[in-house]
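Results of the structural survey
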Number of protein chains: 2
Amino acid sequence: MLFKTPLGEHLNRSLDRQVKLAVTGLSRSGKTVFITSIVHQLLHGLQNTHLPFFQIVNSGRLRGTKAMPQPDMHIPSFRYDVAIEQLCGDPPIWPQATNGISEIRLAIRYKSKNPLLKHISPINTLYVDIIDYPGEWLLDLPLLELSYEEWSKQIATACELEPRLSLSEKWRGFLDTLDPLGEIDETAMRQAAILYTDFLHECKDYGLSLLQPGRFTMPGDDLKGAPLLEFCPLLKIPEKMHYDPCLFTEMKKRYEYYKEYVVKKFYHEHFSSFDRQIVLADVLRAFNTGYSTFIDMRNAINMVLKSFHYGKTGVINKLFGGLKIDKILFAATKADHVTPEQLPHLELFLKNMLSNSRNNVIYDGVQTETLAIAAVKCTQAAYTTVQGERIPCIKGMPIKGTQPVALFPGEVPTEVQIPEEWVEGRFHFIAFKPPRLANIHGSGLPHIRLDRVLEFLLGDKF
Amino acid sequence: MLFKTPLGEHLNRSLDRQVKLAVTGLSRSGKTVFITSIVHQLLHGLQNTHLPFFQIVNSGRLRGTKAMPQPDMHIPSFRYDVAIEQLCGDPPIWPQATNGISEIRLAIRYKSKNPLLKHISPINTLYVDIIDYPGEWLLDLPLLELSYEEWSKQIATACELEPRLSLSEKWRGFLDTLDPLGEIDETAMRQAAILYTDFLHECKDYGLSLLQPGRFTMPGDDLKGAPLLEFCPLLKIPEKMHYDPCLFTEMKKRYEYYKEYVVKKFYHEHFSSFDRQIVLADVLRAFNTGYSTFIDMRNAINMVLKSFHYGKTGVINKLFGGLKIDKILFAATKADHVTPEQLPHLELFLKNMLSNSRNNVIYDGVQTETLAIAAVKCTQAAYTTVQGERIPCIKGMPIKGTQPVALFPGEVPTEVQIPEEWVEGRFHFIAFKPPRLANIHGSGLPHIRLDRVLEFLLGDKF
């Protein structure tokens, strides 16, 4: 390592005065809005009447929060200032999504609860680092457990079903023209990688979550055009092992190099130092798009949980030493897009979605939580009368509209349903504009359950 | 290090069968065209009748060259295929300039000269890796020798003279509003860095070479928005040393972090493994722009040479262990823009420009060479008669014209002149379109002195 962590940082960590919260998301889940709102809630904690379940605020022990220079100067800053300005603009707009990794540090000053410490050090400081990174990078970790052949088979299986069957057509057609045991042809490999990347982008646009390798859709300048991004799975894996250099061995070599250089590097430089992980998912978007999108999201989330399991006990743990992460929060975002009485359904649905893998992780000593949240609430609960019956609905300004609408977007199931029940048009969760906020700097942003999020993530640290 | 060099690479290096040529340039010097032409000359070495001074070709010992998969898969590939297609297009266009680092590997097969080896291994292979990187990164190395205070003073002095005096006005104006001993204000630091970066971009557009820090004008995605790029020199350095955190200490901290994280990383990962370095400079552009641009280029080249000197003997050497580089070529590019009898003048001028620092480097065992070259020759030498006198001229297609022109662009001085002699309009070196080439795949590209370049860089390896 070129870089040593400054001494002060070590001290803060060992005294439990620092916590690293990693935030990532699947399927455009609203990471930027989430972090912006979390930061805003904390900065305005003293005036905040919106955080009843966040004990430190509720108990009156909070003394104030301020933004601090971040510890890792080579990581781009999370621009809270820009995002909040957009949210409070006239008209307010949703902040732009971030690419790659970014970071922000907050210092929370609070009164100690510990009767002994109360006299020695009456006011303590907790440093909270929030790190934002693309969900695709998280989905790269499972690759560490897979050989090139195994991974290729996974992708081949996924491409047997719609929507991947159609979306991958062009790429698969090109692969058919290549001989896995033929000569290494850089131009053909490059073309195969371009078509595979196009396929991943189309999957993303469709709403699918499982997009591997993660850097293909988000390379960053430093890797653009590098051979380690110029490979793809092969659908026909040679039966016998081949050692002579050929297309297959070169693809495999680059896959291994990708794992070594990109995935392990991310693990070492970032992932291994995280204390707590938040995974956001736009479950409602999956409801809208259909059964396959939902199954894909479920697979992705379970794959992530498995990685954490391996991080504690499996190959990853053996390779790198244990993961520090001791709490994982899965949050279904945009919970203000359903009527209030559906919230428990949404949470239950999410819980059921990941019930199996969750047990493993809990067994490994990682605490998990599932919540339905809204980082910035942009609808109001209301009632409407249909054919004499009073039914709940939500009111808000549609993203493309100029007039507010009241609607009942559909009932959220609590269990995963069979494909036949997943009929088209059953759900119509729509996107809303951000609310107009009169006094945003005076108090917290309206939200759903961010206080529970904060209590789960930080409550035990005070 | 996460990465081990494959065993085969070590073997090739130790058997002197591999050579890493690093190519960089100052002031848009035509790096991409240079590398494209070098690669093309080597690939077409067998049919090449244009390389009389490249002994391996001339002696008939060359057996052929081909492009190979590059050794470092995380470095973007140098796209020779794209560049040559642009050069041979109809109409031909100059290939697009590259950003950041890129790499290409060639394998040269040749008959051994050594009478002993001739029988054991009659045909040998030399692997040539050509690495392209921005000149700004090379100009970052001198920062390793400078404290923040020293560097700030250098920039302050440079800004006392035109054109930097005018170009830096906005940035200096903003600095005047800041108190170096005042509170750390992230917004103000960011603003100062933005204005300083704008200033560097304007310097670049003007034709100046000395642009530090290098990543400010070429950050790459990974560093965009990171605090380590959010600093700048301060023009008023506090007289006494201050230890309390203030604007000055924070700027200094970030400067040190930049050196640690960016400059040393480049040194370790790339620079320290280079065997030979080519520095290209568009001296003629400096002639056109004026005295100050020329002086700036001279300073930049000498700073570079000093770095190599330090790399062999100074602080850099102490920090990292010795540099491997044993040959440096300084080349004045676009030598086809002067009339042929002026070529020796151009070379002599370049030699005089760096005479002092050159001695140091030669003393350290680094062989240096200065050449006036044209990677792709796009003019023809001709004669014209003016007032009865026969004078030499060049003929070519101006970059913005549709008719070829014949002109005498000016006499190249052999010595650096005093500012007064550097009258405006004295030189008018113009840019030309690439030549139309009938049979580009059959033979080498027309050039000036690339055979000497190849002989200097590779001749001793066969």
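The structure presented is a predicted model; accordingly, all values stated were derived computationally and were not measured. (Residues numbered from 1 in each chain as written. Chains lettered and ligands numbered in written order. Predicted model: local features only at pLDDT ≥ 70, side-chain atom pairs only at ≥ 80, totals over all residues. Heavy atoms only, no water.)

A count of helices and strands for chain A gives 18 helices and 10 strands. Within chain A, the fraction of its 462 residues that count as buried is 56%. A fraction of 78% describes how many contacts in chain A between residues 6 or more apart in sequence connect residues 24 or more apart. Accessible surface computed for chain A: about 20300 Å², of which carbon and sulfur atoms make up 53%. (Helix = DSSP H or I, 4+ residues; strand = E, 2+ residues; numbered from the N terminus. Buried < 20%, exposed > 50% of the residue type's maximum accessible area, 1.4 Å probe, protein only. Contact = heavy atoms within 4.5 Å. Areas by Shrake-Rupley, 256 points an atom, 1.4 Å probe, with all protein chains shown as cover.)

With that settled, the discussion passes to the pairing of strand β3 (residues 102-111) of chain A. Residues and elements named next belong to chain A. Of all the 10 residues making up β3, 8 are buried; the element is thus mostly covered by neighbouring parts of the structure. In this sheet, β3 lies alongside strand β2 (residues 62-68) in antiparallel orientation, the contact comprising 6 bridges. By the bridge assignment for β3, leucine 62 is matched with tyrosine 110. Sheet analysis places β3 next to strand β4 (residues 123-132), joined by 10 bridges and oriented antiparallel. Bridge pairing in β4 places tyrosine 110 opposite asparagine 124. (Pairing = 2+ DSSP bridges.)

For these two chains of identical sequence, chain B goes onto chain A by a turn of 180° and a shift of 0.0 Å along the axis, with RMSD 0.0 Å. Such a combination of rotation and displacement between the chain copies is what one expects of a two-fold axis. Of all interface residues in chain B, 100% are interface residues in chain A too; the two copies therefore contact each other through one and the same surface. (Least-squares fit on C-alpha atoms with pLDDT ≥ 70 in both.)

This part covers the domain arrangement of chain A. All names here are of chain A. Here chain A is described as being made up of domain 1 (6-135 + 271-377 + 439-461), domain 2 (141-267) and domain 3 (379-421). Tallying the contact residues gives 26 residues for domain 1 and 20 residues for domain 2. Between domain 1 and domain 2, the buried area comes to about 2100 Å², and carbon and sulfur atoms account for 62% of it. The interface formed by domain 1 and domain 2 holds 1 salt bridge in total. For aspartate 296, the salt bridge is made with arginine 164, and the minimal N-O distance between the two is 2.8 Å. The set of elements that each furnish at least two residues to the side of domain 1 that touches domain 2 consists of α13 (283-289), α14 (291-313) and α15 (315-320). (Domains from an automatic or database assignment. Buried area = accessible area lost by both parts, 1.4 Å probe. Salt bridge = Lys/Arg side-chain N within 4 Å of Asp/Glu carboxyl O.)

Another point: helix α12 (residues 247-269) of chain B. Between its terminal C-alpha atoms α12(B) stretches 32 Å, which fits the 33 Å expected from 23 residues at 1.5 Å a residue. Residue Lys259(B) marks the point of greatest curvature in α12(B), where the axis turns by about 30°. (Expected span 1.5 Å × (residues − 1). Bend = angle between axes of the 7 residues up to and from the residue.)

This paragraph deals with the interface of chain B and chain A. Listed as interface residues are 34 residues of chain B and, on the opposing side, 35 residues of chain A. Here chain B and chain A share an interface that buries about 3100 Å² over both sides, 61% of which is from carbon and sulfur atoms. Connecting chain B to chain A are 2 salt bridges. Residue Asp81(B) is joined to Arg190(A) by a salt bridge in which the shortest nitrogen-to-oxygen separation is 3.6 Å. Between the two partners, chain B and chain A, sit 8 residue pairs in polar contact (both at pLDDT 80 or more). Those elements that provide at least two residues to the side of chain B that touches chain A are α10 (186-206) and α12 of chain B. Of all the elements, α12(B) adds the most residues to the side of chain B that touches chain A, at 9 residues. Class assignment for the residues of the side of chain B that touches chain A results in 13 nonpolar, 6 polar and 15 charged. (Polar contact = N/O pair within 3.5 Å; in protein donor to acceptor, adjacent residues only side chain to side chain. Nonpolar A, V, L, I, M, F, W, Y, C, P; charged D, E, K, R; others polar.)

All names here are of chain B. On the basis of which strands lie adjacent, the open sheet formed by 3 strands has the order β8-β9-β10 and antiparallel pairing. One side of each edge strand has no neighbouring strand; the edge strands of this open sheet are β8 (379-386) and β10 (405-407). Each neighbouring strand pair of the sheet contributes to a mean axis angle of 40°, computed without reference to strand direction. When strand β9 (residues 389-396) meets β10, the two strands line up antiparallel, connected through 3 bridges. For isoleucine 394, the partnering residue across the bridge sits in β10 and is leucine 407. (Axes fitted to C-alpha atoms, helices over the stretch in contact; angles between N-to-C directions.)

An α-helix turns once per 3.6 residues; consequently, residues spaced three or four apart project the same way. Of all 9 residues making up helix α18 (residues 450-458) of chain B, 7 are buried, and the element is well covered by its neighbours. Looking at α18(B), one finds that the buried residues are Leu450(B), Asp451(B), Val453(B), Leu454(B), Phe456(B), Leu457(B) and Leu458(B).

This part is about the sheet that holds strand β7 (residues 367-372) of chain A. Residues and elements named next belong to chain A. With mixed pairing, 7 strands are arranged side by side in an open sheet as β2-β3-β4-β1-β5-β6-β7. Each edge of the sheet is formed by a strand with only one pairing partner; in this case those strands are β2 and β7. Within the sheet, the average angular offset between the axes of one strand and its neighbour, ignoring direction, is 20°. Taken together, the 6 bridges between strand β5 (residues 276-281) and strand β6 (residues 327-332) define a ladder with parallel strand orientation. Within β6, the position partnered with leucine 280 by the bridge is alanine 331.

A few words now on the side chain of Glu103(A). All names here are of chain A. As for its position among the elements, glutamate 103 is in strand β3. Although glutamate 103 is buried, it forms no salt bridge, and the closest oppositely charged side chain is lysine 20 at an N-O distance of 4.5 Å. A polar side-chain atom of glutamate 103 sits 3.3 Å from the main-chain amide nitrogen of aspartate 72. Ignoring anything within four residues of it in the chain, the contact list for glutamate 103 reads Lys20, Gln70, Pro71, Asp72, Ile75, Pro76, Ser77, Phe78, Ile130 and Ile131. (Lys, Arg positive; Asp, Glu negative; His and termini not counted.)

This part is about the environment of Ser77(B). Mapped onto the secondary structure, Ser77(B) falls in the loop between β2 (62-68) and α4 (80-87). C-alpha of Ser77(B) to C-alpha of Ile101(B): the two residues are 24 residues apart in sequence and 8.7 Å apart in space. If sequence neighbours within four positions are ignored, Ser77(B) has contacts with Arg190(A), Gly225(A), Ala226(A), Pro227(A), Glu230(A), Gln70(B), Ser102(B) and Glu103(B). Here Gln70(B) takes part through its side chain, which lies 3.0 Å from a polar atom of the side chain of Ser77(B).

What follows concerns the nonpolar core. Among the nonpolar cores identified, the biggest contains 93 residues, and Phe271(A) and Phe287(A) are the most heavily contacted of them. Tallying contributions element by element places helix α12 (residues 247-269) of chain A first for this core, with 11 residues. Residue-level mapping places this core at the junction of two domains, with at least three residues from each of domain 1 (6-135 + 271-377 + 439-461) and domain 2 (141-267) of chain A. Excluding anything up to four places from it in sequence, Phe287(A) contacts Leu346(A), Phe349(A), Val412(A), Pro413(A), Trp422(A), Phe427(A) and Phe429(A). Ile237(B), Ala286(B), Leu323(B) and Met353(B) belong to the second-largest nonpolar core, a separate cluster that totals 92 residues. (Core = buried A, V, L, I, M, F, W, Y, C linked by side-chain atoms within 4.5 Å.)

Further remarks concern the state of the cysteines. Per the counting criterion, the structure on display carries 0 disulfides over all chains. Cysteine Cys203(A) remains unbridged, with the sulfur of Cys159(A) as its closest cysteine sulfur at 7.2 Å. In this structure Cys203(A) comes out as buried when scored by relative accessible area, which is 0%. Note on Cys246(B): no disulfide assigned, nearest cysteine sulfur contributed by Cys232(B) at a separation of 14 Å. (Disulfide = S-S within 2.5 Å.)

Here we come to the confidence of the model for chain A. In the predicted model, chain A carries a mean pLDDT of 86, and the fraction of residues at 70 or more is 88%. Reported confidence for the predicted complex is 0.82 by ipTM and 0.87 by pTM. (pLDDT = per-residue confidence, 0-100.)

Residue and element names in this part refer to chain B. Following glutamate 162, the chain continues to proline 163 via a peptide bond in cis, the omega torsion being 5°. Cis geometry is found at the peptide bond from glutamine 212 to proline 213, where omega equals -5°. Despite not being glycine, lysine 334 shows a phi value in the positive range, around 60°. In this structure, lysine 334 sits in the loop between β6 (327-332) and α16 (343-353).

Further remarks concern the packing of helix α2 (residues 31-43) of chain A against helix α18 (residues 450-458) of chain A. Residues and elements named next belong to chain A. The contact between α2 and α18 brings their axes to 11 Å, and the two run at 80°. Relative to α18, the element α2 lies roughly perpendicular. The residues of α18 that touch α2, namely those facing Phe34, Ser37, Ile38, Gln41 and Leu42, are Leu450, Val453, Leu454 and Leu458. Taken together, the residues that form the contact of α2 with α18 break down as 7 nonpolar, 2 polar and no charged. (Parallel < 35°, antiparallel > 145°, perpendicular 65-115°, else oblique.)

Before going further, it helps to examine the pairing of strand β9 (residues 389-396) of chain A. All names here are of chain A. When strand β8 (residues 379-386) meets β9, the two strands line up antiparallel, connected through 8 bridges. Among the inter-strand pairings, alanine 382 is bridged to a residue of β9, identified as cysteine 393. Linking β8 to β9, which pair antiparallel, is a turn of 2 residues; within it glutamine 387 sits at a positive phi near 50°.

Residue and element names in this part refer to chain A. What the rule picks out here adds up to 44 salt bridges over all chains. As a salt-bridge pair, lysine 324 and aspartate 275 come within 3.0 Å of each other at their nearest N and O atoms. Taken together, the residues lysine 324 in the loop between α15 and β6 and aspartate 275 in the loop between α12 and β5 connect sequence positions 49 residues apart. Among the residues examined, aspartate 275 registers a relative accessible area of 10% and is labelled buried. Taking the shortest distance from any N to any O, the salt bridge between aspartate 282 and lysine 334 comes out at 3.1 Å. Here lysine 334 lies in the loop between β6 and α16 (343-353) and aspartate 282 lies in the loop between β5 and α13, a separation of 52 residues in the sequence.

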